[in-house]
Structures are given as structure tokens and as C-alpha cells.
Amino acid sequence: MSSLRSLDENLISHIPPFRKLERVDIREILDAATPKRFSAGQAIFEEHEPAERFFLLLDGHVRVIRTTASGDQVIARHIVSGELMGIASAIGRTTYPASAVAIDDCLVLFWPTSLWKTFVEKYDGFATETYKTVGERISEANNHILELATQQVEQRVARALLRLAIQSSRTTDEGMEIDFPLTRQNISEMTGTTLYTVSRLLSAWEKQGIVNSGRKKVTVTEMNKLKTLADLDPMADS
């Protein structure tokens, strides 16, 4: 696409599954892509719809949401810049297993799913790097299920905030601010608990100086104390 000629190959050369490819291969992949912007709150793709495209998030943050049989929404994970999404073909699906919603204004590249097999066969390293990412996500999902089944609510909420702070945050005078909008309702949907319980926990942690929250922002002010609540080694490297 001519609109992508200005995008340098270095833009994605460090990202799995492109980091093992030659610049000429990356150029070909970029030329086959279409860029698109999504506004905050806009769905990039919907659960159960045909997986006609796969995506690379270039800028912004995306929330992956699944809907239960009873109609409740569960936040499965968050995607940050530099991650592939909608890769249903990698897990043998023809429909998307979840919805992806822009948290803030996002810029993505997308390709038709028909190119997936071509990329896997033509570009050395594309498949191995992609399936490594898929394996990591499956492991993450299994750990999340285990947490929901075995951990107390306080520990689940603490671990969820820690993951987000490590995954996507910026350092401020107060601490590590999760750098995308995050409400207490979002946290409840991540951790399988009620809005009331999340509000009670965050209010208590604010009084203890562990977190600050408000206006869709959460800042971890005492990382070691939050790690203790999560039952992790406070001295462990983030």
C-alpha cells in the first residue's frame, strides 16, 4: 500500500514474528498491510464473527473481552503496542474467540487472513515466533483460570494490578501509573469479582498508601507492598 511506504521496516523488525526476518521480507509484509485508526471504545473485531483479518497494534491499547453464556463480560487480557491480535488462524479457528475493543485511540495494521498461510510458508521464522506467542498466551490464560479457582479476591486483584503495571505503565512522582484508562468495573471484570469488592479493596489500599486511583487512572505507589498482597517475593525483579 502506498500509504505505508513511509513506514520504516524498523517499525516492526523487533516484534515477534518479524524479528527474524530480513528487511526485504518486512518491506513485503508492510506493503501487503492496510493501516486503520480506531477511536476509544470502538470494536476492532467482535467475538464469533468470521476471522477475515489479523492485526498488529502499532499504537494504543486494546482490551480483549469474552462474553459468558449468561451474558457477563470478562476481560481476558490487555494488548499493548507491538502485539499481534486476531490471529485465529494460529489456533485453527475461523472465527474470533473474543472481542477486541480500543481502550484509547489506536493505530493498527491489518492483513487478510488469506495471507496467513503465505506468511507462514514464505517467511522463515514467522511461524515459530508466532506460535511461541500463542503458547505464551495460552499459558497466561491457564494461569488466570487457576488464579480464579484457587486465590482469594485480594490476591487476584493485587496480581492483576501488578501485571498491568509491569506490562504498560509510566513512572511518575507518585509511582507506576498504568498508562491507559482503567476503571474499577474493568478490574472487577478482570478478576471475577464484584465492583463493590474492588472499590472496597482499592479504598483500603489507598489509605495504606499502596495505590492511588481515580478518573480511570490507577497508580501503584508501593510496588513491594502490592507484591506482598499478591503473595509474591517483594525483592523479585519486575
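Remember, predicted model here, so these are calculated numbers, not experimental data. (Residues numbered from 1 in each chain as written. Predicted model: local features only at pLDDT ≥ 70, side-chain atom pairs only at ≥ 80, totals over all residues. Heavy atoms only, no water.)

Asks: Please explain the overall build of the protein chain as it appears in this structure.
Replies: Helix and strand counts for the protein chain come out as 7 helices and 12 strands. Relative to the compact-globule value of 18 Å for 238 residues, the protein chain shows a C-alpha radius of gyration of 19 Å, a close match. Each principal axis of the C-alpha distribution contributes one length, and for the protein chain these read about 55 × 40 × 30 Å. Each of the 238 residues in the protein chain was classed as buried or not, and the buried ones make up 45%. For the protein chain, long-range pairs separated by at least 24 residues make up 68% of all intrachain contacts whose partners lie at least 6 apart in sequence. The positive charge centre, built from 28 side chains, and the negative charge centre, built from 32, are 3 Å apart in the protein chain. (Helix = DSSP H or I, 4+ residues; strand = E, 2+ residues; numbered from the N terminus. Rg over C-alpha atoms; globule rule 2.2 N^0.38 Å. Buried < 20%, exposed > 50% of the residue type's maximum accessible area, 1.4 Å probe, protein only. Contact = heavy atoms within 4.5 Å. Lys, Arg positive; Asp, Glu negative; His and termini not counted. Charge placed at Lys NZ, Arg CZ, Asp CG, Glu CD.)

Asks: Where do I start with unusual backbone geometry in this structure?
Replies: A negative phi angle characterises most non-glycine residues, just as the trans form characterises most peptide bonds. Residues Pro16 and Pro17 are joined by a peptide bond in cis, for which omega reads 10 degrees. Position of Pro17 among the secondary structure elements: in the segment before helix 1 (23–31). Of note in this structure, Lys216 is not a glycine but carries a positive phi near 65 degrees. On the basis of relative accessible area, Lys216 is assigned to the exposed category, the value being 53%.

Asks: Explain the packing of aromatic side chains here, please?
Replies: Think of a pair of aromatic rings as described by two things: how far the centres are apart, and how the planes are tilted against each other in angle. The tally for this structure, following the rule as stated, stands at 12 aromatic pairs. Each ring, one from Phe119 and one from Phe126, has its centre 5.6 Å from the other, and the planes form 75 degrees; the classification is edge-to-face. Residue class for Phe119 comes out buried when judged on its relative accessible area of 3%. By relative accessible area, which is 0% here, Phe126 ends up buried. Aromatic ring contacts, followed pair by pair, group Phe18, Phe54, Trp111, Trp116, Phe119, Tyr123 and Phe126 into a single cluster. (Phe/Tyr/Trp six-rings, centres within 6.5 Å; stacked < 30°, edge-to-face > 60°.)

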